[in-house]
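Chain and residue survey
Take a look at the letters that make up each chain.
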Amino acid sequence: MKKFNGPLSITASILLALALTLVLVGVGVLGFLLYHSPGALDRVTAPIRAGAEQAGAVCQTLWEHWSSQASAAARQASADIQASLRLLADPPPASDGEVQLVDGPVLPPPPSSSNGFTITALAVRNGREYITGGARDVVYYDQTAPAWADKPYGSDHIGGYGCGPTVMAMAVSTLTDSSLDPAQMAQHCVDQGYWAKKQGSYRSIVAGVAQDFGLTCTSLEPAETDFDSLSRALASGQLVVALMGPGHFTNGGHFIILRGVTLDGFVLVADPASSQRSLVTWDLELILSELSASRDSGGPLWLLTPQPR
């Protein structure tokens, strides 16, 4: 093996010897202080111990901060992934063939219905549209309005498929302190799993949104619903969500709100796809005869009651 005996090796040997000497001296001093003067040892090592404790505290703080942020990021990523999977999935039909789609012309109001423009009207207050005439004025949204008709409802759009979130936006904005427009409610319904791709909404949207916003939701049996019982419910300021089948409101399936009754025995509605149909009074028997035939998720009539204050 080749040996290096030049100036560099001599210098390295001297430095190594000095380093060892300093270590031995330091150990000796610490040993002396430990044996003869423990108090002095504590004073000498106090800055070192304080620095170590401070470094440990900094590391602990950094670890807790990083762990909290990592956990929050993981939860958000999980939520985003689940929302994306819901959008990509092709769920089963929302009902037995009833697509909640704004479709072609429907039957005109029958002669038994009366023109209610003197009884009910649309009014704008503080930039919000209301429909009047019931025990309480109802916040009115039209799903086909330019403000949100083209906004997304999952991978569909509100103007064509959003009667469910539009009706629930009206109910929540009227009966609670929350104020959501159809676009905001549509996003909420997608997040909560009430949207049904190319079908509109699952019928669970009514009871689900009611629970989400603190409303009491009670199923009504159509065969036991008459004008007197409906009048009592609506006169107290409650609202009834009705899922309609083919007839005067839709060719498929369509959510509307029953919002009041008149002295001459007609019913007031809020139709999210037609302000004109919302300003006409309707015969209760006609509405009951055109309800959806399905009885799942508490439908086709749901009574919404605000929580007592």
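Here's a quick rundown of the structure. Fair warning: this is a prediction, and the values are worked out from it, not measured in the lab.

According to the stated counting rule, one finds three aromatic pairs in the structure shown. When the ring of Tyr-141 is compared with that of Trp-148, the centres are 5.4 Å apart and the planes differ by 85°; the resulting orientation is edge-to-face. Ring geometry for Phe-249 versus Trp-282: centroids 4.5 Å apart, planes at 40°, classification tilted. Placement of Phe-249 in the loop between β9 (239–244) and β10 (254–261) and of Trp-282 in the loop between α8 (275–278) and α9 (284–289) is noted, with a sequence separation of 33 residues between them. The burial state of Phe-249 is the same as that of Trp-282; both residues are buried. Arg-125 extends its terminal NZ or CZ atom over the ring of Tyr-130, reaching a point 4.8 Å from the ring centre.

The next point concerns the pairing of strand β2 (residues 128–131). When strand β1 (residues 122–125) meets β2, the two strands line up antiparallel, connected through four bridges. Of the residues in β2, the one forming a bridge with Arg-125 is Arg-128. Two successive antiparallel strands, β1 and β2, enclose a turn made up of two residues, where Asn-126 displays a positive phi of approximately 50°. Looking at chain direction, β2 and strand β3 (residues 138–139) are connected through two bridges and run antiparallel. The residue of β3 that forms the bridge with Ile-131 is Val-138. Taken together, β2 and the strand that follows it, β3, pair antiparallel across an intervening segment of six residues, in which Gly-133 is found at a positive phi of about 115°.

Here Ala-186 lies in helix α5 (residues 182–192). In this structure Ala-186 comes out as buried when scored by relative accessible area, which is 0%. Apart from residues no more than four positions distant in its own chain, Ala-186 is found in contact with Pro-152, Tyr-153, Ile-158 and Pro-165.

Take helix α7 (residues 227–235) next. Residues of α7 that are buried: Leu-230, Ser-231, Ala-233 and Leu-234. In a view along the axis of α7, the buried residues occupy a sector of 165°, so they form one face of it. Exposed and facing more than 90 degrees away from the buried side of α7 are Arg-232 and Ala-235. Packing partners of the buried residues in α7 comprise β9, β10, β11 (267–270), α9 and β12 (301–306). Following α7 by one or two positions, Gly-237 adopts a phi angle in the positive range, close to 95°.

We now examine the environment of Gly-253. Structurally, the position occupied by Gly-253 is in the loop between β9 and β10. The exposure class of Gly-253 is buried, given its relative accessible area of 0%. Distance from Gly-253 to Leu-243, taken between C-alpha atoms, is 6.7 Å for residues 10 residues apart in sequence. The contacts of Gly-253, once residues within four sequence positions are left out, are Glu-98, Val-99, Gln-100, Leu-101, Leu-243 and Met-244.

The rules behind these values
- Residues numbered from 1 in each chain as written.
- Predicted model: local features only at pLDDT ≥ 70, side-chain atom pairs only at ≥ 80, totals over all residues.
- Heavy atoms only, no water.
- Phe/Tyr/Trp six-rings, centres within 6.5 Å; stacked < 30°, edge-to-face > 60°.
- Helix = DSSP H or I, 4+ residues; strand = E, 2+ residues; numbered from the N terminus.
- Buried < 20%, exposed > 50% of the residue type's maximum accessible area, 1.4 Å probe, protein only.
- Lys NZ or Arg CZ within 6 Å of the ring centre and 35° of its normal.
- Pairing = 2+ DSSP bridges.
- Contact = heavy atoms within 4.5 Å.
- Arc of directions from axis to C-beta.

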